[in-house]
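Fold and geometry: a report
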Amino acid sequence: MKKINLFLAFCVICSVINAQQTTLTIDNQTPGWLSSKINYGDQLTVKNLTVTGYINSTDLEFIGTLISKSLKGYLDLENVTIVKDSENNDNIFPESAFKLSDCYELGKLSLPSTLSSMGNWNLKLDS
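The structure reproduced in this document is the subject of the present report. (Residues numbered from 1 in each chain as written. Predicted model: local features only at pLDDT ≥ 70, side-chain atom pairs only at ≥ 80, totals over all residues. Heavy atoms only, no water.)

1. Considering the pairing of strand β3 (residues 74–82)
- Pairing of strand β2 (residues 48–55) with β3 involves six bridges; the strand directions are parallel. Bridge pairing in β3 links T52 to N79.
- As a crossover connection, the stretch from β2 through helix α3 (residues 57–69) into β3 is right-handed.
- As judged from the three bridges shared by β3 and strand β5 (residues 108–110), these two strands associate in the parallel manner. Bridge assignment links Y74 to a residue of β5, and that residue is K108. (Pairing = 2+ DSSP bridges. Helix = DSSP H or I, 4+ residues; strand = E, 2+ residues; numbered from the N terminus. Right-handed = clockwise from strand over helix to strand, strands pointing away.)

Next comes the structure, spelled out in structure tokens:
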């Protein structure tokens, strides 16, 4: 009986340890540090991401790596403020924001509500 209980406890522990997030909500209050808020295992499995707070071009580039790895559902940046850094000004969403070198699918993209302008985006939308 002890062996069965020990085996069941081991199975439960393994299933909890190996479970990875597919939907994440991150509050990033320090621009440039978004990558440190998501552990590597979650970076490989996240399908839906909601970000709030403040981001800069470093964070946008990191989001691009998530899109190329696993992010296929939705990306919600509606409650984000883009802050000025060496590449971008405040509240401007440049066309090279995610620095993607290939085409990727994303189910839904919610842009920041504080945007003042966008770059010349060439988006292919399926009807």
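Now that the structure has been shown, we can carry on.
2. Points about the sheet that holds β2
- Spatially, the four strands line up as an open sheet ordered β1-β2-β3-β5, and their pairing is parallel. Each edge of the sheet is formed by a strand with only one pairing partner; in this case those strands are β1 (23–28) and β5. Going across the sheet, the axis of each strand differs from the next one's by a mean of 5°, ignoring polarity.
- As judged from the six bridges shared by β1 and β2, these two strands associate in the parallel manner. Within the sheet, the bridge partner assigned to I26 lies in β2 and is V51.
- α3 rests against β1, β2 and β3 of the sheet, and its axis sits at about 175° to β2. (Axes fitted to C-alpha atoms, helices over the stretch in contact; angles between N-to-C directions. Contact = heavy atoms within 4.5 Å.)

By themselves, these figures tell us nothing about what the structure is for.
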